[in-house]
Amino acid sequence: MTGKVKLATTSLAGCFGCHMSFLDIDERILPLLERVTFDRSPLTDVKHASACDVGLVEGGVCNEDNLHVLTEFRAQCKVLVAVGACAINGGLPAQRNQFDVKDLLHTVYVAEPGLSRRAVPTDAELPRLFDKVRPVHEFVQVDYFLPGCPPPADAFWAFLTALLDGRAPTLPRGVVRYD
Amino acid sequence: MTDLRRIAIEPLSRVEGHGKVTLLLDEAGAVHEARLHIVEFRGFEAFIVGRPFWEVPVVVQRLCGICPVSHNLCAAKALDRVVGGVPPPSAVKLRRLMHSGQMLQSHALHFFHLASPDLLFGFDSDVSRRNLIGLVEQHPDIAKMGVHLRKFGQQVLEAVYGKRIHGTGAVPGGVNKHLALDARDGFLARVPQVKTWALEAVALARRLTEVNQARHQDFGAVPSNLLGLVAADGALDLYDGGLRGLDAEGRLLFDGLEAVDYRSLIREEVRPWSYMKFPYLERLGPEAGWYKVGPLARVQLCDRMPTPLAEAARREFRAAYPGVTHAPLAFHWARMIELLHAAEDLERLLQDDGLLHGDLVSTGARRREGIGVIEAPRGTLIHHYEVGDDDLVTRCNLIVSTTNNNQAMNEAIRSVARRYLDGHEVTEGLLNHVEVAVRAFDPCLSCATHAMGRMPLQVTLVDARGAVVSVGTRGSA
Ligand code: SF4
């Protein structure tokens, strides 16, 4: 046993900007890696989470795959953190909620003039789309929320170092962002 | 027809966004099919309709947190036409500064953080070490260089567009602010070191490409056309220029085409098994008209690099690959040559006082339509908008870089699956070979799901009847 804290991250219906903002801690990743190990994450080839201490989720839930991943992730993570506007309230992808998803698919895959072969993709390999994009807390219990689109790197840093030090995480005023 | 076994690689990892690969194998283990699926749909093109055009550059960048600046700039270029403006010289310089800052950070991220572990440790090396964490432990100097290169690019973005990710910079007709003098001076003092690191990055990418040249040269290599922007004088230009196309042997297909010509140049096909469309050159048809975009295409399309160190590096690359190379693994070397160019371009721009003062926006007679094209880190990106007299968007079409490489990535994984998996017992390490081929293109699956959602990347192997043989999910052991 390394005695390190096990951290997992995943992206649902998000843009990866939250993951990039986490990497914006820059060289602070080096001391962080002395205290944490990574489990499932887009940064590793671990495809399924095993039991973890902390899980960061980026993105909302837009299809059945997202829900499956989220449920598995929640079950494995002691502390689950909803990271960024998409996870917290659906974010920009939830702009589609005001429309019928069938109309959107039609606009993109049938009506668009530059297409030579047109049809809405329906293969069994494609997960069923939900009619609305929803925040993660509508499906699972969330322990912490890190706001922002994306949350700034300093928010990740303040949050994670507090957790690692055994302190209750609080975010300094300047790093609580909603843009 | 015998039963086919399906294997899925899901989700694809160490790529940006979400995707999966499925493979179909017969009883003898021969690969019948290999497909890269984009399984998410977000619908940006549809829900942007009805929004005011001036918010589009900050909204559409949320397609992608890795190269948001590409979308911010490309939307602004398209909307320059709608507001009837020609961005003033200072605005163009500030946009180019953003663009080179993002090229530096995005290329550094891909090579160091995501792809280099495959090349340094081996495609089938220990899955628990084959990542950034393993890199930090075993090659700390390389890891630090990658972190610092990315950081510099991100800091340039923060200074020009307010935030490192999803800021505001380019607006229809120009940009919204100048660079501050002290920020400029700070970057100028640091940029020589950045150039030194960039030179080391080129040398490293070259070494890792050449170390196993025989294998790397045909790993996933499938000849195709090449597409990208070049300047009027034939030099590489990532921000503006004309579209040039070459065939697989490097013969000129067309040159100097403008953004508006994309409608007669490119058609897109929808296939039922992916939310990512399949573009092709209309004149050649869907079978022969597919193409590659991105660093590998650009370094071979242009006549020269506009900066001296990158030009010297380009010449070495071309000498190493007489004719045209289609090797996906050569992308890495080409990508680092562009990273070096970005570092040199940042230095050139930072010496220009036009960043500090001068007009920022220009407008003229309103138009109802605008098309923009730019070379994003991953390749040619096209934004097309129609706008009503009430300022609301009435139509939007986006052809993103990764979509332009859709067929090329599918061909590459098919080639690798046949070469390395055919008749073998499928192992985690062999499946990573398939991912190595996808990764070389640096696909941004986030962007590619713009149609509506995200792109999960999974690989599935299917047996002769189309039944899923097994889901070869990696790293779960
Ligand atoms: S919150 Fe913003 S940065 Fe994070 S995934 Fe959503 S759009 Fe991207």
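For the structure, see preceding data.
Below or above, wherever it landed, is the structure these notes cover. (Residues numbered from 1 in each chain as written. Chains lettered and ligands numbered in written order. Predicted model: local features only at pLDDT ≥ 70, side-chain atom pairs only at ≥ 80, totals over all residues. Heavy atoms only, no water.)

**Thoughts on the pattern of salt bridges**
- Counting across every chain of the model gives 59 salt bridges over all chains.
- Among the salt bridges present, the one from E282 of chain B reaches R267 of chain B, with a minimum N-O distance of 3.7 Å. On the criterion of sequence distance, the pair formed by E282 of chain B in the loop between strand 11 (278–281) and helix 10 (285–288) and R267 of chain B in strand 10 (residues 266–269) is long-range, its members being 15 residues apart.
- A salt bridge links E411 of chain B to R414 of chain B; the nearest nitrogen and oxygen atoms lie 3.6 Å apart. Highlighted residues: E411 of chain B and R414 of chain B, both in helix 15 (residues 406–421), separated by three residues, approximately one helical turn.
- Relative accessible area serves as the criterion here: at 16%, E411 of chain B is assigned to the buried category.
- One network of salt bridges, with partners in common, ties together D45 and K47 of chain A together with R14, D118, R130, E428, E435 and R439 of chain B. (Salt bridge = Lys/Arg side-chain N within 4 Å of Asp/Glu carboxyl O. Helix = DSSP H or I, 4+ residues; strand = E, 2+ residues; numbered from the N terminus. Buried < 20%, exposed > 50% of the residue type's maximum accessible area, 1.4 Å probe, protein only.)

**Concerning the sheet that holds strand 11 of chain B**
- Strand order across the open sheet formed by three strands is 6(A)-10(B)-11(B), with mixed pairing between neighbours. The two strands at the open ends of the sheet, each matched to only one other strand, are strand 6 (115–117) of chain A together with strand 11 of chain B. On average, each strand axis in the sheet is tilted by 35 degrees relative to the strand beside it, whichever way the strands run.
- The pairing of strand 10 of chain B with strand 11 of chain B spans four bridges and is antiparallel. Across the sheet, E269 of chain B pairs through a bridge with F278 of chain B, a residue of strand 11 of chain B. (Pairing = 2+ DSSP bridges. Axes fitted to C-alpha atoms, helices over the stretch in contact; angles between N-to-C directions.)

**A closer look at the environment of I382 of chain B**
Residue and element names in this part refer to chain B.
- Following the sequence through the fold, I382 ends up in strand 14 (residues 379–387).
- Spatially, the C-alpha atom of I382 lies 8.3 Å from that of Y262, the residues being 120 residues apart in sequence.
- Apart from the residues within four sequence positions on either side, I382 is in contact with C74, Y262, I266, I371, G372, V373, N397, L398 and I399. (Contact = heavy atoms within 4.5 Å.)

**Structural notes on the environment of H37 of chain B**
All names here are of chain B.
- Here H37 lies in strand 3 (residues 31–38).
- Along the sequence, H37 and M276 sit 239 residues apart, while their C-alpha atoms lie 7.6 Å from each other.
- A polar contact is formed between the side chain of H37 and the backbone oxygen of W273, at a distance of 2.8 Å. (Polar contact = N/O pair within 3.5 Å; in protein donor to acceptor, adjacent residues only side chain to side chain.)

**Remarks on the interface of chain A and chain B**
- Opposite the 60 residues of chain A that make contact, chain B presents 78 residues.
- When the two sides are added together, the surface that chain A and chain B hide from each other amounts to roughly 5600 Å², 59% of it contributed by carbon and sulfur.
- On the chain A side of the contact with chain B, D45, K47 and E125 of chain A bury the most area, a combined 14% of that side's loss.
- Where chain A packs against chain B, one counts 13 salt bridges.
- Ionic pairing is found between R395 of chain B and E112 of chain A, a salt bridge with its closest N-O pair at 2.9 Å.
- Every element with two or more residues in the side of chain A that touches chain B is listed here: helix 1 (17–23), helix 2 (29–33), strand 4 (61–63), helix 3 (64–76), helix 5 (101–111) and strand 6 of chain A.
- Per-element tally for the side of chain A that touches chain B: the top contributor is helix 5 of chain A, with six residues.
- Residues belonging to the side of chain A that touches chain B are distributed by class as follows: 31 nonpolar, 13 polar and 16 charged.
- Summarising the sheet, strand 6 of chain A and strand 10 of chain B pair through two bridges and their orientation is parallel. When the sheet's bridge partners are listed, L115 of chain A is paired in strand 10 of chain B with E268 of chain B. (Buried area = accessible area lost by both parts, 1.4 Å probe. Nonpolar A, V, L, I, M, F, W, Y, C, P; charged D, E, K, R; others polar.)

**Quick word on the site of the ligand**
- Around the ligand, the neighbouring residues are G14, C15, G17, C18, E58, G84, A85, C86, G148, C149 and P150 of chain A together with H166 of chain B.
- Of the chains in the model, those with residues near the ligand are chains A and B.
- Taken atom by atom, the bulk of the ligand overlaps the largest cavity.
- The biggest single contributor to the shell around the ligand is helix 4 (residues 84–89) of chain A, with three residues. (Near = heavy atom within 4 Å. 1 Å grid on protein atoms, 1.4 Å probe; cavity = no way out; pocket = protein on both sides within 12 Å on 5 of 7 lines; lining within 4 Å. Sits in = over half its atoms within 2 Å of the grid points.)

**Here's the deal with the sheet that holds strand 14 of chain B**
Residues and elements named next belong to chain B.
- The strand order 13-14-15 describes an open sheet built from three strands, whose pairing is antiparallel. Where the open sheet ends on each side, the last strands, each with one partner, are strand 13 (369–376) and strand 15 (393–399). Across the sheet, the mean angle from the axis of one strand to that of its neighbour is 15 degrees, orientation sign disregarded.
- Along the sheet face, helix 3 (residues 68–82) touches strand 13 and strand 14 and points at about 150 degrees away from the line of strand 13.

**Some details on the packing of aromatic side chains**
Residues and elements named next belong to chain A.
- For the structure on display, the rule yields 16 aromatic pairs over all chains.
- Seen in terms of ring centroids, Y144 and F159 are 5.2 Å apart; in terms of plane orientation they differ by 75 degrees. Their pairing is edge-to-face. With Y144 in strand 8 (residues 144–146) and F159 in helix 6 (residues 153–165), the pair connects residues that are 15 residues apart, well separated along the chain.
- Taking relative accessible area as the criterion, Y144 reaches 29% and is therefore assigned partly exposed.
- Classification of F159 as buried rests on a relative accessible area of 3%. (Phe/Tyr/Trp six-rings, centres within 6.5 Å; stacked < 30°, edge-to-face > 60°.)

**Section: the packing of helix 3 of chain B against helix 4 (residues 89–121) of chain B**
Residue and element names in this part refer to chain B.
- With their axes 9 Å apart at the nearest point, helix 3 and helix 4 run at an angle of 150 degrees to one another. In this view, helix 3 runs roughly antiparallel relative to helix 4, as classed from their interaxial angle. Where helix 3 crosses over helix 4, the handedness of that crossing is left-handed. Judged by residue contacts, P68, V69, S70, N72, L73, A76, K77 and D80 of helix 3 engage R95, M98, H99 and Q102 from helix 4. (Parallel < 35°, antiparallel > 145°, perpendicular 65-115°, else oblique. Left-handed = near helix turned anticlockwise from the far one by under 90°.)

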